[in-house]
Amino acid sequence: MTLTFAAPARTATPPARRPRGRGLRRTLTGWAFAGPATLVVVGLSLFPAVWAFFISRTKWNGIAEPRDIGWDNYRRLADDPDLAAAAQHTLLLTVLFVPGSIALGLLIAIALNQRIRLLGFYRTCIFVPYVASAAATGILAGYVFNPQFGAANDALRRLGLPAQQFLENPRQALLVVVLIALWGEVGFTSVVYLAALQDVPKELIEAATVDGAGRWRILRSVTWPHLRPVTLFATVWQSITALQLFDLIYTTTRGGPMNSTQTVVYYVYELAFQTRRLGYGAAVAYVLFAVTLVLTAFAIWRGRRGGEEAF
């Protein structure tokens, strides 16, 4: 008769409890770093946005006591011809600027993704205009496109072409503004696309090359599917940039000539700070915010339906 002895059951060692003092210290340390930035965001973004909504329901010139008029400012928007003209200019600017910046950014990124000499220098030259402020870009463009002594007309004269009025011609001014905006913003889309191109698996490109695919076929069937999420992100970003374009307009045309370059944001500036109609200006700003929010949400929704997780 043999006796068997069962090994004593092991009891699970309870995890060591983190001292409350250490957890509180980590929480306080985290808020010490994040707190100032949070206060800046709340103080400079959220609070002014909420306050502007209450202003949009008043008639106020910034000095006298504001008078509550309900939703009258919003009702007047549909009958404002100046707002309608500014909306048309903003829409035209967006339609020209966004596809142009996407197409040029992609072409430049493809060119900069090649193995060429002085590649770092070329990449820096493309990105420098984006780093410079739009105000500086506008001031420089004002000299370049000056009808009397600008470099643009000087180049046209050397080519035997007639001089142009550029920013002083109501038919040309908005197109010139779009051109200046492209020069200043195309560096952003180029860098984004360049980073995305470097993430495309080289094995797929090599396999397509072995199968006899040309460069255009590789770009269309291999490279482009990997760039769709980046294209969605760049489209949303550049659309917001176009809808909120102000500093470039301010430093080049001030909405002229004959209000031909007056955008919605510049119209808000004129209402609030020139004619002192703060309530109506805040209402226009909130409508622009709503339109931007709806367009951005729609673009993200369409992208996610197509499997493009860009955000």
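Given the structure is predicted, the values throughout are model-derived calculations rather than measurements. (Residues numbered from 1 in each chain as written. Predicted model: local features only at pLDDT ≥ 70, side-chain atom pairs only at ≥ 80, totals over all residues. Heavy atoms only, no water.)

Draft legend 1. Geometry of unusual backbone geometry. Cis rather than trans, the peptide bond between G256 and P257 has omega equal to -5°. With respect to the secondary-structure elements, P257 resides in the loop between α10 (247-252) and α11 (264-273). Within the chain, R254 stands out as a residue other than glycine whose phi angle is a positive 55°. With respect to the helices, strands and loops of the structure, R254 is situated in the loop between α10 and α11. (Helix = DSSP H or I, 4+ residues; strand = E, 2+ residues; numbered from the N terminus.)

Draft legend 2. Expanded view of the packing of aromatic side chains. For the coordinates displayed, the defined rule picks out 21 aromatic pairs. Ring centres of F188 and W237 lie 5.5 Å apart, and the angle between their planes is 25°; this geometry places the pair in the stacked category. Highlighted residues: F188 in helix α7 (residues 173-197) and W237 in helix α9 (residues 215-243), separated in sequence by 49 residues. Judged by relative accessible area, F188 falls into the buried class, the value being 12%. Summarising the aromatic geometry, the rings of Y269 and F273 are spaced 5.8 Å apart at their centres and angled 35° between planes, so their arrangement reads as tilted. One end of the pair is Y269 and the other is F273, both in helix α11 and four residues apart, which spans about a single turn. Clustering of aromatic rings is evident, with ring pairs tying together F53, F54, W71, Y74, Y286 and F289. Positioned over the ring face of W71 is R57, at 4.5 Å from the centre of the ring. (Phe/Tyr/Trp six-rings, centres within 6.5 Å; stacked < 30°, edge-to-face > 60°. Buried < 20%, exposed > 50% of the residue type's maximum accessible area, 1.4 Å probe, protein only. Lys NZ or Arg CZ within 6 Å of the ring centre and 35° of its normal.)

Draft legend 3. Geometry of the environment of T124. Within the secondary structure, T124 is located in helix α4 (residues 119-131). Judged by its relative accessible area of 47%, T124 falls in the partly exposed class. Separated by 63 residues in the primary sequence, T124 and G187 have C-alpha atoms spaced 9.2 Å apart. Of note is the side chain of T124, whose polar atom sits 2.8 Å from the backbone oxygen of G120. (Polar contact = N/O pair within 3.5 Å; in protein donor to acceptor, adjacent residues only side chain to side chain.)

Draft legend 4. Layout of the environment of F145. Along the chain, F145 falls in the loop between α5 (134-144) and α6 (151-158). A sequence separation of 110 residues divides F145 from G255, and the C-alpha atoms of the two residues are 16 Å apart. The contact partners of F145, leaving out residues within four places of it in the chain, are A152, Q165, F166, L167, V176, L179 and I180. (Contact = heavy atoms within 4.5 Å.)

Draft legend 5. Quick peek at α7. With 25 residues, α7 extends 35 Å between its outermost C-alpha atoms, agreeing within 8% with the 36 Å of an ideal straight helix rising 1.5 Å per residue. E185 marks the point of greatest bend in α7, at about 40°. Within α7, 20 of the 25 residues are buried, which leaves it mostly tucked inside the rest of the structure. (Expected span 1.5 Å × (residues − 1). Bend = angle between axes of the 7 residues up to and from the residue.)

Draft legend 6. Here's a closer look at the nonpolar core. Counting residues in hydrophobic clusters, the biggest one holds 35 residues, and the most contacted among them are L93, F97, F145, V177 and Y193. Listed by contribution, the elements that provide at least two residues to this core are α3 (81-112), α6, α7, α9 and α10. In terms of residue count, α7 provides more of this core than any other element does, 13 residues in total. Ranked by size, the runner-up nonpolar core spans eleven residues in total, among them L83, A86, Y280 and V284. (Core = buried A, V, L, I, M, F, W, Y, C linked by side-chain atoms within 4.5 Å.)

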